[in-house]
Amino acid sequence: MSYQCPLCHLPLTMDANSTSYRCSNNHQFDQAKEGYVNLMPAHHKSSKNPGDNKEMMQARRLFLNTEHYQPLRDAVMAQLRQHLPQDATQLLDIGCGEGYYTSEFVQLRQQFPEITVHGLDISKIAVKYAAKRYHDCDFCVASSHRLPFADHFFDGVVRIYAPCKGEELYRAIKSDGILVAVTPAPRHLYQLKELIYDGVNLHDVPVENIDGFELVTNEQLHYDMTLSGEEATALMQMTPFAWKTSDQVWQQLAQTQNFDCEADFAIRVYRRQ
């Protein structure tokens with residue numbers, strides 16, 4: 001394991017007679033019984049429990065278990081199979097949540113037998129669930145802006161909606177390694193937005209320029225979904241505009257039998273120079 005200390009950035013090693021990670025400065029981080037390690041020091045947190053709370057995680061789990069986002073998962077897998085270096089051994093899912101995408105990446109071992117899949121999220125609740133359910137991945141609680149891994153460690157990084165500083169990606173990804181970045185495209189969840197806003201403005205998603213990386217693929221994935229009222233409610237709870245949703249809209253969604261909604265994603269692959 002190539003975790004590094006979030007306090008002093010020295011390598012962490014597992015104590016021989018315990019389940020704790022320790023650096024040479026004697027900073028210690030215990031592995032939880034579920035198997036994950038919390039590398040989020042208290043002074044790095046912006047709140048007591050950053051990231052998704054239990055209700056948000058449960059809503060996301062309900063929705064993702066319906067497989068409405070399976071096309072996105074398949075599309076990301078296809079990009080990884082095509083663009084990962086042939087000798088890839090390390091892959092990171094930034095903002096992994098409860099592990100819906102992370103767990104699928106384990107299937108890459110059919111093509112890359114030595115690959116280890118890592119999941120990182122700021123939400124302890126989500127990582128705890130992921131580690132308890134998916135034993136073939138390594139999970140940690142940490143900030144995406146301070147990746148607790150050694151320099152030039154990853155052959156590939158997946159970033160689905162999650163923020164991460166470009167300089168951190170450049171530091172952590174090997175030369176010729178890749179970044180797969182997914183962002184919402186203009187018509188993503190258009191019909192949900194119509195319930196909240198008086199007129200929805202469509203905005204292009206500009207291609208992000210990341211110093212030290214070359215854009216190699218820029219694709220868009222668009223498809224229609226038909227959701228039950230429960231699924232539509234869970235999807236709304238997953239979104240940033242849930243906070244703006246009125247009680248009337250929540251009730252409307254819950255009583256809907258079939259809610260037609262668009263999914264629209266921009267999927268971009270960058271290669272580190």
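Scroll up a little and you will see the structure.
Notes on the structure follow. Along each chain, the written sequence defines residue order, and numbers are assigned to residues from 1. Two thresholds apply to this predicted model, a pLDDT of at least 70 for residue-level local features and 80 or more for giving and counting side-chain atom pairs, whereas whole-chain, interface and lining totals are computed over all residues. Side-chain measures were taken over the full set of non-hydrogen atoms in the model, leaving aside hydrogen atoms and water.

### Some points on the environment of glycine 156
Counting through the fold element by element, glycine 156 comes out in strand S8 (residues 154–160). Linking glycine 156 and threonine 245, residues 89 residues apart in sequence, is a C-alpha distance of 37 Å. Note on contacts: a residue pair qualifies if any of its non-hydrogen atoms lie within 4.5 Å across the two residues. Look past the residues within four positions of glycine 156 in its chain and what remains in contact with it is Leu84, Gln90, Leu91, Leu92 and Ile178. Only DSSP runs of H or I covering at least 4 residues are called helices, and only runs of E covering at least 2 are called strands; the numbering of each starts at the N terminus.

### Thoughts on the pattern of salt bridges
Every case where a carboxyl oxygen of Asp or Glu lies within 4 Å of a side-chain nitrogen of Lys or Arg is listed as a salt bridge. Within the structure shown, the criterion is met by eleven salt bridges. Between glutamate 168 and arginine 171 there is a salt bridge whose closest N-O contact spans 2.7 Å. With glutamate 168 and arginine 171 both in helix H5 (residues 166–172) and three residues apart, the pair spans about one turn of that helix. Ionic pairing is found between arginine 187 and glutamate 262, a salt bridge with its closest N-O pair at 2.8 Å.

### Here we look at the side chain of glutamine 4
Position of glutamine 4 relative to the elements: it lies in the segment before strand S1 (13–14). Polar contacts here mean pairs of N or O atoms no more than 3.5 Å apart (in protein, one a potential hydrogen donor and the other a potential acceptor; neighbouring residues in sequence count only if both atoms are side-chain atoms). Within the local environment of glutamine 4, its side chain forms a polar contact with the backbone oxygen of phenylalanine 149, the two atoms lying 3.3 Å apart. The contact partners of glutamine 4, leaving out residues within four places of it in the chain, are His9, Leu10, Pro11, Leu12, Leu147, Pro148, Phe149, Ala150 and Arg171.

### Structural notes on the sheet that holds strand S9 (residues 173–184)
Strands are treated as partners if at least two bridges between them are detected by DSSP. Spatially, eight strands are ordered S4-S7-S6-S5-S8-S9-S11-S10 in an open sheet, and the strand pairing comes out mixed. Each edge of the sheet is formed by a strand with only one pairing partner; in this case those strands are strand S4 (37–38) and strand S10 (213–227). In this sheet, S8 lies alongside strand S5 (residues 90–94) in parallel orientation, the contact comprising four bridges. Bridge pairing in S8 links leucine 92 to valine 157.

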